[in-house]
2 protein chains.
Amino acid sequence: MNIGASLSILLVLSTVHAFQYNQLAQYVDEHQEEYVEALRDWVAVESDSSNVLRRPELHRMMEMVAQKLQQMGGAVESVDVGDQELPDRQTLALPKVVTARFGSDPNKHTLCVYGHVDVQPAKLEDGWATEPFNLTEINGNLYGRGASDNKAPVLAWMHAVEKDNGVLPVDQALPVNVKFIIEGMEETGSNGLEAMILAQKDTFFSDVDYIVVSDCGWLSRRPAITYGTRGNCYFLAEVHGPKQDLHSGVYGGTVIEPMIDLIGILDTLISPSGKILIPGIQEAVAPLSDDEWRMYQDIEFDVDDYKNKIGVSRLMYSNKVDLLAHKWRYPTVSIHGIEGAFSDPGTKTVIPSKVCAKFSIRQVPNMDPTVVEKKVSDHLHSVFSKRQSPNTLKVSMVIGAKPWLADIHHPLFEAGKAAIKRVFSVDPDFIREGGTIPISRTFQDVTGKSIIMLPIGGFDDGLHSQNEKMSRYNYIEGTKLFIAFLNELSQITEAAV
Amino acid sequence: MNIGASLSILLVLSTVHAFQYNQLAQYVDEHQEEYVEALRDWVAVESDSSNVLRRPELHRMMEMVAQKLQQMGGAVESVDVGDQELPDRQTLALPKVVTARFGSDPNKHTLCVYGHVDVQPAKLEDGWATEPFNLTEINGNLYGRGASDNKAPVLAWMHAVEKDNGVLPVDQALPVNVKFIIEGMEETGSNGLEAMILAQKDTFFSDVDYIVVSDCGWLSRRPAITYGTRGNCYFLAEVHGPKQDLHSGVYGGTVIEPMIDLIGILDTLISPSGKILIPGIQEAVAPLSDDEWRMYQDIEFDVDDYKNKIGVSRLMYSNKVDLLAHKWRYPTVSIHGIEGAFSDPGTKTVIPSKVCAKFSIRQVPNMDPTVVEKKVSDHLHSVFSKRQSPNTLKVSMVIGAKPWLADIHHPLFEAGKAAIKRVFSVDPDFIREGGTIPISRTFQDVTGKSIIMLPIGGFDDGLHSQNEKMSRYNYIEGTKLFIAFLNELSQITEAAV
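Chain A goes by Carnosine dipeptidase 1 in an unreviewed UniProt entry, where it is assigned to Oryzias sinensis.

Here it is in structure tokens:
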């Protein structure tokens, strides 16, 4: 320990019960090289959950997480969540879910931090400018796979908890009790997690008051709090015709082709201008309120930046409010592809006998997946029957994930707002996420607790892409934000909740 | 040599110049076990031209062909047609094309027999009842991959030529000069063959009068002669949008999705009732003549059998003439699939950035691929522009194969008809092939010679499918047919041609 660090701890100790943000912030600044080194160690582990060959690395990653939490003084448990089924009937052990507890003072609120330490695949050849598993700092950005999604945020939460670790044990020094639940399968569907949450509903989660998820990013350079995600209804529409694939020369013209039927019904889902044509879908959507409209107006969002990033000459909507609304709070239909048809390079002359379209409809309040399922099925069967085809149509909904929407006036969000104001001296943007983060909905449905999504990732971190990065600024200021947030949380009175 | 065979040869010798069909037929019957054994040896070679790992087998197959033709006394050449380019920039030697000449008597006509000895892939696990590369006879059917397509027909031609091989050299005994051109890449596009034909136009082909192709099958149990094939225009329609694939949750609703544009334009190609909706396509088609209508009426074809074989409850047309006409002499649109979209099992939530549809339009007289290309491109660009999409559309025609249609009153066809009448005691059905057999069109265009397609395969041989077979009956009677056909050919007078 160097003298500077010792001084910092003395400062921290003297302020344990009277929150003095500036001293804590200074402590974080002084330890930032250690924090970057910790991130470097984690990024070096190729914890790709989608690649079964990397499973040993993923197990090692979970052990590192458990070890770190133990060193911090937590009560740590590595929970076995069973096996993953592989296509060839083999099974593979899932990475353990690591839980930890810091403090169990009944007079303090209890926050549960969720995060994941598995990553998307990455190879230098994909177009990375640096080795993806060797954290590399360039102009204040820390490049590496998983840096922003979600290793740095998980570490920032750990730093926020351990920063008090001087003379008083960390669990006594913390203004709230903190629990961690860290998984290693988020990128491939959080296998085993929902069952584990359900099983620990009345044990691990029984004393949890709030859950925080920091697995997303800001919308711009302005800090943000995420209060909603869209859900998703994912459909398969399968048209089945001849009993086997046919040669298009030999049979073309004599059979009614399943692929042509399928194209015909898919073309009735959405108009070129983005209007959903399935009766009863658009009608269920909660209208945009004036408050919401005004909030969207104030959000920092550059439409041209967004357009350029995607690389298109025109978006579906040209003004900010329409664009944000259709990104976050209106449903849309995406057609992902067709299974069973010819999809390889080359020129095969086949009439596919069985083709299965995959499309999904993003869900927003007040849509109900059960109702959506029926409307879509009724609509497709209706347009299909008009074709008078001898082929058969089967429609099934294989995912029915509800949207999540929180009340931004809840004290939890007020706490987040106050913490951001303290660290960044600005009010946050309250934003939503167009994608589905099922874990937030699962936490809400299973535990009944209040959830907040408090991102520290930048808007341009390149999650799932080449050259993913976390800026040193966001990592370090994010750690301060979490410290400030813990303090704000401790101020919430029971009555307010 | 057994005594029966010696007697047969004596009989054959005595009839060299006066064609006595019955004795020759008896000779064939007596040698049928040898013929089946020859087929067994050939089927045992896994000459799958689509599998680069089987290339040594394919080379061996071509050597066996050359050896056999040499043993028959032919002037054989194995022609190097260069290398095949593989996707990873590697190259692989193409199988040699084997040519052979039997006789060069300027007073005789010269027939060129085309055939191929490569096969489609086959594995027992695909659902074969017997080992696909072990010829197995069950109830008079010889099961094995390549038995009907095209090894038995090629062997039958060889038997038809070698059957005269007694005391007189085979080339003197033959009523016409016979040439062979046997390739090993037919199943994957006849790589190298067209260039080879072009190169030998004024050498190998200079004295050829007629070309016969026996690489197809009958339509029913009645023997048939094929006088036409449809051509094919194969199109790629590519819609290009964002610069990379996007997450449908994060971006859905804000971008105009290429896949939805593509579905929209594909849906304007053909109606549910099979009417081509592209202006100017249907209009070019030669009208169905009364003669043709009557001929179709007389053709042996069981619509219910056809329907049951395909496994559908209803076909595009319910009466025989309409069905045959749309199988052979009307164009149709088939949509084969989409490259670039999600086509795997599972539920990926992607907005594909670049999607490429593959569809083809079968060509019949008097369609012109150049005109078809323009009409399709104009039509698609027109409907695409109405969508006012910011995405870009590129339409390209990657195959433009013309149809082939012969005059069934040509002496070559009269010879075929007479030969069938002699062997089977019935008049043949004159049929067409809905598929494209580019080699017939290539032979016609490059050499300017007359082509006939004289099939001996059964209507239910299961080409390209599991349990492919050649019946012993078709194989042996087919050999007799070729013998009779050679004799009929020799009767054609120059004036008639």
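Right, picking up where we left off after that structure.
Caption draft 1: Representation of the overall build of chain A within the structure. A tally of helices and strands in chain A yields 16 helices and 20 strands. Its C-alpha radius of gyration of 25 Å places chain A within 12% of the 23 Å reference for a compact globule of 497 residues. Reported as C-alpha extents along the three principal axes, the dimensions of chain A are approximately 85 × 50 × 45 Å. A total of 497 residues make up chain A; the buried ones form 58% of that total. In chain A, of all internal contacts separated by at least 6 residues, the share reaching a separation of at least 24 is 79%.

Caption draft 2: Layout of the sheet that holds strand S16 (residues 392-401) of chain A. Residue and element names in this part refer to chain A. Across the sheet, 4 strands lie side by side as S13-S15-S11-S16; this open sheet has antiparallel pairing. Across the chains shown, the open sheet's two edge strands, defined by having one partner strand only, are strand S13 (333-339) and S16. Taking each pair of neighbouring strands and ignoring which way they run, the sheet shows an average axis angle of 20°. Each of strand S11 (231-240), strand S15 (354-363) and S16 touches helix H13 (residues 369-386); the most contacted strand, S16, lies at about 160° to it.

Caption draft 3: Looking closely at the pairing of strand S4 (residues 97-102) of chain B. Residues and elements named next belong to chain B. The buried count for S4 comes to 5 of 6 residues, which makes it a mostly enclosed element. As judged from the 5 bridges shared by strand S1 (residues 75-79) and S4, these two strands associate in the antiparallel manner. Across the sheet, residue valine 76 finds its bridge partner in S4, namely alanine 100. Where S4 lies against strand S8 (residues 177-183), 5 bridges are found, and the strand directions are antiparallel. Bridging across to S8, phenylalanine 102 finds its partner in valine 178.

Caption draft 4: Highlighting the interface of chain A and chain B. Taken together, the contact pairs 73 residues of chain A with 73 residues of chain B. Taken over both partners, the interface formed by chain A and chain B buries close to 5900 Å², and the fraction arising from carbon and sulfur atoms is 54%. For the pair chain A and chain B, the number of links is 37 residue pairs in polar contact (both at pLDDT 80 or more). In terms of residues, the side of chain A that touches chain B owes the most to one element, S13(A), which gives 7 residues. Partitioned by chemical class, the residues of the side of chain A that touches chain B number 32 nonpolar, 27 polar and 14 charged.

Caption draft 5: Representation of the side chain of A:Ser389 in the model. Counting through the fold element by element, A:Ser389 comes out in the loop between H13 and S16. By relative accessible area, which is 14% here, A:Ser389 ends up buried. Once residues within four sequence positions are removed from consideration, A:Ser389 is found in contact with A:Ile256, A:Asp261, A:Phe384 and B:Arg314.

Caption draft 6: Representation of the pattern of salt bridges in the model. Residue and element names in this part refer to chain A. The full count for this structure, using the stated rule, is 50 salt bridges over all chains. With its nearest N and O atoms 4.0 Å apart, the salt bridge here joins lysine 201 to aspartate 202. You can call lysine 201 partly exposed: its relative accessible area is 36%. Overlapping salt bridges bring together Asp29, Glu477 and Lys480 as one network.

Caption draft 7: Region of interest: unusual backbone geometry. The linkage connecting A:Asp149 with the following residue, A:Asn150, adopts the cis geometry, with an omega of 15°. Counting through the fold element by element, A:Asn150 comes out in helix H5 (residues 147-162). In this structure, B:Asn366 follows B:Pro365 across a cis peptide bond, with omega equal to 5°. Relative to the helices and strands, B:Asn366 is located in the loop between strand S15 (354-363) and helix H13 (369-386). A positive phi angle is found at A:His464, which is not glycine, with a value near 65°.

Caption draft 8: Broad picture of the sheet that holds strand S20 (residues 469-471) of chain B. Residues and elements named next belong to chain B. If you trace the 3 strands from one edge of the open sheet to the other, you get S6-S7-S20, paired in antiparallel fashion. Each having just a single partner strand, strand S6 (136-138) and S20 make up the two edges of the open sheet. In this sheet, adjacent strand axes meet at a mean angle of 30° when their direction is disregarded. Strand contacts of helix H16 (residues 472-491): S6, strand S7 (141-143) and S20, with the helix running at about 60° to S20, the strand carrying the most contacts.

Caption draft 9: View of the environment of A:Thr347. Mapped onto the elements, A:Thr347 comes out in the loop between S13 and strand S14 (350-351). Along the backbone, A:Thr347 and A:Pro390 are 43 residues apart, and their C-alpha atoms lie at a distance of 27 Å. In contact with A:Thr347, other than residues within four places in its own chain, are A:Phe342, B:Tyr234, B:Val398 and B:Ile399.

Caption draft 10: Expanded view of the packing of aromatic side chains. Under the counting rule described, the total for this entry stands at 25 aromatic pairs over all chains. Their ring planes at 70° and their centres at 5.7 Å tell us that A:Tyr114 and A:Phe443 sit as a pair that is edge-to-face. One end of the pair, A:Tyr114, is in strand S5 (residues 110-116); the other, A:Phe443, is in helix H15 (residues 438-447), with 329 residues separating them in the sequence. Ring-pair connections join several aromatic residues into one group, and the members of that group are A:Tyr114, A:Phe204, A:Phe205 and A:Phe443. Looking at A:Lys327, its charged tip hangs above the ring of B:Tyr251, at a distance of 5.1 Å from the centre.

Caption draft 11: Focus on the side chain of A:Lys327. For A:Lys327, the location among the structural elements is in helix H12 (residues 320-328). A:Glu433 is the oppositely charged side chain nearest to the buried, salt-bridge-free A:Lys327, at an N-O distance of 6.1 Å. Excluding its chain neighbours within four sequence positions, the residues that come into contact with A:Lys327 are A:Leu219, A:Arg230, A:Tyr306, A:Gly434, B:Gly249, B:Val250, B:Gly252 and B:Thr254.

Caption draft 12: Up close: the domain arrangement of chain A. Residue and element names in this part refer to chain A. Segmentation of chain A into domains returns domain 1 (3-229 + 403-491) and domain 2 (231-286 + 329-401). If you average the C-alpha positions of domain 1 and of domain 2, the two centres end up 39 Å apart. In this complex, domain 1 contributes 7 residues to the contact, which on the side of domain 2 involves 8 residues. When domain 1 packs against domain 2, close to 580 Å² is buried across both sides, 61% of that on carbon and sulfur atoms. Area buried by domain 1 at its contact with domain 2 is led by Pro403, Arg432 and Thr436, which between them contribute 77% of it.

Caption draft 13: Structural detail: the relation of the copies chain A and chain B. If you rotate chain A by 180° and push it 0.2 Å along the axis, it lands on chain B with an RMSD of 0.2 Å. With respect to symmetry, the two chain copies, as superposed, fit the operation of a two-fold axis. No C-alpha of chain A lies nearer the rotation axis than that of A:Ile263, which sits 3.0 Å from it. A share of 99% of the interface residues of chain A reappears at the interface of chain B, consistent with the copies meeting face to face through the same patch.

Caption draft 14: Spatial organisation of the confidence of the model for chain A. When pLDDT is averaged along chain A, the result is 92; 94% of the residues meet or exceed 70. Long-range and interchain partners of residues 1-16 of chain A, a stretch whose pLDDT sits below 50, account for 20 contacts in this model, where long-range means more than four residues apart.

Caption draft 15: Broad picture of the packing of helix H5 (residues 147-162) of chain B against H16(B). All names here are of chain B. Between H5 and H16, the least distance of the axes is 8 Å, while the angle of their chain directions is 50°. As judged from the angle between their axes, H5 and H16 are oblique. The crossing of H5 and H16 is right-handed. Residues Ala152, Pro153, Leu155, Ala156, Trp157, His159 and Ala160 of H5 form the contact with H16, whose own contacting residues are Tyr475, Thr479, Phe482, Ile483, Phe485 and Leu486. A breakdown of the residues in the contact of H5 with H16 according to their chemical character gives 11 nonpolar, 2 polar and no charged.

Caption draft 16: Structural view of the environment of B:Asn232. As for its placement among the helices and strands, B:Asn232 is situated in strand S11 (residues 231-240). Judged by relative accessible area, B:Asn232 falls into the buried class, the value being 4%. C-alpha separation for the pair B:Asn232 and B:Phe413, spaced 181 residues apart in sequence, amounts to 25 Å. The contact partners of B:Asn232, leaving out residues within four places of it in the chain, are A:Thr349, B:Ser360, B:Ile361, B:Arg362, B:Gln363, B:Ile399, B:Gly400, B:Ala401 and B:Thr436.

Caption draft 17: Structural detail: helix H15 (residues 438-447) of chain B. Residue and element names in this part refer to chain B. For H15, the tally of buried residues reaches 7 of 10 residues, placing the bulk of the element in the interior. Those residues of H15 not exposed but buried are Ile439, Ser440, Arg441, Thr442, Phe443, Val446 and Thr447. Among the residues trailing H15, glycine 448 stands out with phi positive, at a value near 70°.

Caption draft 18: The arrangement of the packing of helix H3 (residues 32-43) of chain A against H5(A) in detail. Residues and elements named next belong to chain A. It is at 10 Å that the axes of H3 and H5 come closest, and there the two elements cross at 135°. Judged by the angle between their axes, H3 and H5 are oblique. Helix-helix and strand crossings are classified by hand; for H3 and H5 the assignment is right-handed. Residue-level inspection shows Tyr35, Ala38, Leu39, Trp42 and Val43 of H3 in contact with H5, the latter providing Ala147, Lys151, Ala152, Val154, Leu155, Met158, His159 and Glu162. Taken together, the residues of the contact of H3 with H5 sort by class into 10 nonpolar, 1 polar and 2 charged.

What counts, and where the lines are drawn
Residues numbered from 1 in each chain as written. Chains lettered and ligands numbered in written order. Predicted model: local features only at pLDDT ≥ 70, side-chain atom pairs only at ≥ 80, totals over all residues. Heavy atoms only, no water. Helix = DSSP H or I, 4+ residues; strand = E, 2+ residues; numbered from the N terminus. Rg over C-alpha atoms; globule rule 2.2 N^0.38 Å. Buried < 20%, exposed > 50% of the residue type's maximum accessible area, 1.4 Å probe, protein only. Contact = heavy atoms within 4.5 Å. Pairing = 2+ DSSP bridges. Axes fitted to C-alpha atoms, helices over the stretch in contact; angles between N-to-C directions. Buried area = accessible area lost by both parts, 1.4 Å probe. Polar contact = N/O pair within 3.5 Å; in protein donor to acceptor, adjacent residues only side chain to side chain. Nonpolar A, V, L, I, M, F, W, Y, C, P; charged D, E, K, R; others polar. Salt bridge = Lys/Arg side-chain N within 4 Å of Asp/Glu carboxyl O. Phe/Tyr/Trp six-rings, centres within 6.5 Å; stacked < 30°, edge-to-face > 60°. Lys NZ or Arg CZ within 6 Å of the ring centre and 35° of its normal. Lys, Arg positive; Asp, Glu negative; His and termini not counted. Domains from an automatic or database assignment. Least-squares fit on C-alpha atoms with pLDDT ≥ 70 in both. pLDDT = per-residue confidence, 0-100. Parallel < 35°, antiparallel > 145°, perpendicular 65-115°, else oblique. Left-handed = near helix turned anticlockwise from the far one by under 90°.

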